[in-house]
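These are the residues of each chain, in order.
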Amino acid sequence: MDWGMKNRLSQIIKPDTGRTVMLAVDHGYFLGPTHKLEHVGTTVEPLLPYADALMLTRGILRSSIRPEISVPIVLRVSGGSSIIGADLSNETITTSMEDAVRLNVSAVALSIFIGTDFEHQTLGNLAFLIDMAQEYGIPVLAVTAVGKEIGKKDSRFLALACRIAAELGASFVKTYYCDEFEKIIESCPIPVVIAGGPKLDTDLDAFNLAYDAVQKGATGVDMGRNIWQSEFPVAKIKAVRAIVHDKVPPKQALEIFEENKKKKHSKI
Ligand code: R5P
């Protein structure tokens, strides 16, 4: 791997633990206004000290995030469909590599929709993006999208999607946690991070999810709603960090969460 590619990846996946806590705020690219992301800059600002990377679109990056921040950017560069449109999986590449370079990003991210009418198109998007990104030494994060079918996909499906992303040359892949998650890890030669999905019923549920994923081999999380839709997002991300980087079990993470809830500015 070229020096630039390695350097960018190591900004995201921290070399001291080999893990990462990415903060995902790209939801508006197909959902439009999303609860707690109405003003992304305000939501994100207090969370930045605890995020190893920030995943978002160029429009929100330029309009809502201070350019002085030191958190690495993972730029979402796929889109072109919406939650109310005919088919969520009909995505294209929405940002040029030159613009990604201008924005000084550490990686670019694109969704693939395996098993849909747009499988071929989105896999073509991924292969094309990897060729372009390779020119500049920029890692590509493949996102194994499940569209509206979240919860219905199992380890067989997600392992297939992750493996295909790796075969096409993605640097790392984002998927969902599921039963027999270890099967995804066993057959995927690149780092795997997990999305959090819709906000879970309890804080402990979110901590269990993160813990089980890293225990079974995930490199970390790329979590959104379970952090910033929490009433105490700073406390939440601190607890998730403790799980991912310090390997603390879920009950101890809950204690960290409860302790941090009491601190000033823990609410946004
Ligand atoms: C996925 O493609 C979305 O754009 C989000 O980045 C992803 O789902 C992670 O956020 P959450 O933890 O809210 O699911």
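See the structure shown above.
Report follows, based on the coordinates. Computed from a predicted structure; not experimentally measured.

So, the overall build of the chain
Stage number 1. Across its full length, the chain carries 12 helices and 10 strands.
Stage number 2. The C-alpha radius of gyration computed for the chain amounts to 17 Å, which stays within 12% of the reference 18 Å derived for 268 residues, consistent with globular compactness.
Stage number 3. A principal-axis box enclosing the C-alpha atoms of the chain has dimensions of 50 × 40 × 40 Å.
Stage number 4. Within the chain, residue pairs in contact and separated by at least 24 positions form 68% of the contacts whose partners lie at least 6 positions apart.
Stage number 5. Counting every atom, the chain has about 12,200 Å² of accessible surface; 51% of that belongs to carbon and sulfur.
Stage number 6. Placing the 30 positive and 32 negative side-chain charges of the chain at their respective mean positions leaves the two points 5 Å apart.

Thoughts on the site of the ligand
Stage number 1. Near the ligand, the surroundings consist of 15 residues, among which Asp26, His27, Lys174, Gly197 and Arg225 are the closest.
Stage number 2. The separation between an oxygen atom of the ligand and a polar side-chain atom of Arg225 is 2.7 Å.
Stage number 3. When grouped by side-chain class, the residues that make up the shell around the ligand number six nonpolar, four polar and five charged.

Brief notes about the packing of helix H11 (residues 233–246) against helix H12 (residues 250–261)
Stage number 1. Across the interface, H11 lies against H12 with an axial gap of 8 Å and an inter-helix angle of 150 degrees. In this view, H11 runs roughly antiparallel relative to H12, as classed from their interaxial angle. The element H11 and its partner H12 pack so that their crossing is right-handed. Contacts between H11 and H12 involve Ala235, Lys236, Lys238, Ala239, Ala242 and Ile243 on the former and, on the latter, Ala253, Ile256, Phe257, Asn260 and Lys261.
Stage number 2. Here the residues of the contact of H11 with H12 are counted per class, giving seven nonpolar, one polar and three charged.

About the thresholds
Residues numbered from 1 in each chain as written. Predicted model: local features only at pLDDT ≥ 70, side-chain atom pairs only at ≥ 80, totals over all residues. Heavy atoms only, no water. Helix = DSSP H or I, 4+ residues; strand = E, 2+ residues; numbered from the N terminus. Rg over C-alpha atoms; globule rule 2.2 N^0.38 Å. Contact = heavy atoms within 4.5 Å. Areas by Shrake-Rupley, 256 points an atom, 1.4 Å probe, with all protein chains shown as cover. Lys, Arg positive; Asp, Glu negative; His and termini not counted. Charge placed at Lys NZ, Arg CZ, Asp CG, Glu CD. Near = heavy atom within 4 Å. Polar contact = N/O pair within 3.5 Å; in protein donor to acceptor, adjacent residues only side chain to side chain. Nonpolar A, V, L, I, M, F, W, Y, C, P; charged D, E, K, R; others polar. Axes fitted to C-alpha atoms, helices over the stretch in contact; angles between N-to-C directions. Parallel < 35°, antiparallel > 145°, perpendicular 65-115°, else oblique. Left-handed = near helix turned anticlockwise from the far one by under 90°.

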